[in-house]
Amino acid sequence: PVFSHVCFITYYAVLITVMYRALRKSNEFRCANDPSALSGLEYGLIFCMGFVTFQLFMLMSASCILIVGSEGDTAADVFARLFRRYLNLLEVYLQTAFMFHASRIRPISTHGATVMRQTLIYCAICNGSLWATDSFIDVGTYGAIVGDFGAHEFFGDRWFFVKQLTQPFLIFYRFNAFFIFL
C-alpha cells in the first residue's frame, strides 16, 4: 500500500501544481469579449460535484474515525489514505474553477498560450485515465467497494449503496471534464 499511496499523492499533487501554475499565468490573458453564460455541460459538472464531494467526505470521515482507533503502521496507512482523499477533493474543486476560468480567457502572449495548452492537454489525459479507471475497473466489482479501506469497515454494507449511487456521477464528471479539456 505504500507504493500506491506515493503514486496517488504524487499524481494529485502534480495535477494541482500544474493547474496552479497555469492560473498564475492568467495575467498574460485577457477576458473574452463574449463571456458566455454557463453551458448545460458546465451546469452538469456543478451538479455532479455534490455527489463527488459526498463520496469523498464519507471516505474522509471513515478514515478520520479509523485513525483514532488505530496504532502504528495502520495509523500511518489510514493517514496516507486521508491525505490522498483530501488532495483528490482539492483537485476536483480547483479543476472545476480552472475549467470555467480557462473557457473565458484569451491569450495575449504566445508563452501564456503554450502554458495553457500544455495544462489543458495534461488535465485531459489525467481525467481520461481517471474516467477509464472508474468506468472499467471500479464499476460493478465488489472488490473495488471493499477496497475503499475505512468506508467499508465503518459504514458496512451501506457503503455499497452509497458507492453505487455516487459512482455514476463521478464517472460523468471525469468523462465530461476530459472532453472539456480537449
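Before reading on, note that the structure itself is shown above.
Report follows, based on the coordinates.

About the cut-offs
Residues numbered from 1 in each chain as written. Predicted model: local features only at pLDDT ≥ 70, side-chain atom pairs only at ≥ 80, totals over all residues. Heavy atoms only, no water. Patch = residues over 30% accessible without salt bridge, like charges linked within 9 Å, V, L, I, M, F, W, Y side chains within 5 Å. Areas by Shrake-Rupley, 256 points an atom, 1.4 Å probe, with all protein chains shown as cover. Salt bridge = Lys/Arg side-chain N within 4 Å of Asp/Glu carboxyl O. Helix = DSSP H or I, 4+ residues; strand = E, 2+ residues; numbered from the N terminus. Buried < 20%, exposed > 50% of the residue type's maximum accessible area, 1.4 Å probe, protein only. Phe/Tyr/Trp six-rings, centres within 6.5 Å; stacked < 30°, edge-to-face > 60°. Lys NZ or Arg CZ within 6 Å of the ring centre and 35° of its normal. Core = buried A, V, L, I, M, F, W, Y, C linked by side-chain atoms within 4.5 Å. Contact = heavy atoms within 4.5 Å.

### Here's the deal with a nonpolar patch on the surface
Part 1 of the reasoning: On the surface, a cluster of nonpolar side chains totalling about 390 Å² of accessible area is made up of Phe79, Phe83, Tyr86 and Leu90.
Part 2 of the reasoning: Along the polypeptide, phenylalanine 83 turns up in helix α3 (residues 73-102).
Part 3 of the reasoning: Relative accessible area serves as the criterion here: at 36%, phenylalanine 83 is assigned to the partly exposed category.

### Describing the packing of aromatic side chains
Two descriptors summarise a pair of aromatic rings, namely the distance from one centre to the other and the angle between the planes of the rings.
Part 1 of the reasoning: Taken as a whole and assessed by the stated rule, the structure comprises 9 aromatic pairs.
Part 2 of the reasoning: When the ring of tyrosine 11 is compared with that of tyrosine 12, the centres are 5.3 Å apart and the planes differ by 80°; the resulting orientation is edge-to-face.
Part 3 of the reasoning: Note on tyrosine 12: relative accessible area 6%, which makes it buried.
Part 4 of the reasoning: Members of the aromatic cluster, each reached through a chain of ring pairs, are Trp131, Phe175, Phe178 and Phe179.
Part 5 of the reasoning: Taking the ring centre of phenylalanine 8 as reference, the NZ or CZ of arginine 84 above it sits at 4.4 Å.

### Considering the nonpolar core
Part 1 of the reasoning: Counting residues in each nonpolar core, the largest one holds 34 residues, and the members touching the most others are Phe98, Met116, Trp159 and Tyr173.
Part 2 of the reasoning: Those elements that place two or more of their residues in this core are α1 (2-24), α2 (40-69), α3, α4 (110-138), α6 (151-155) and α7 (158-181).
Part 3 of the reasoning: Of the residues forming this core, the biggest block, 9 residues, is contributed by α2.
Part 4 of the reasoning: In contact with tyrosine 173, other than residues within four places in its own chain, are Leu45, Cys48, Met49, Val52, Val92, Gln95, Thr96 and Met99.

### Describing the environment of alanine 132
Part 1 of the reasoning: Among the structural elements, alanine 132 can be located in helix α4.
Part 2 of the reasoning: The class of alanine 132 is partly exposed, set by a relative accessible area of 27%.
Part 3 of the reasoning: Separated by 42 residues in the primary sequence, alanine 132 and arginine 174 have C-alpha atoms spaced 8.9 Å apart.

### A word on the environment of valine 78
Part 1 of the reasoning: With respect to the element layout, valine 78 can be found in helix α3.
Part 2 of the reasoning: Here valine 78 falls in the buried class, since its relative accessible area comes to 1%.
Part 3 of the reasoning: Spatially, the C-alpha atoms of valine 78 and alanine 62 are 9.4 Å apart, while their sequence positions differ by 16 residues.

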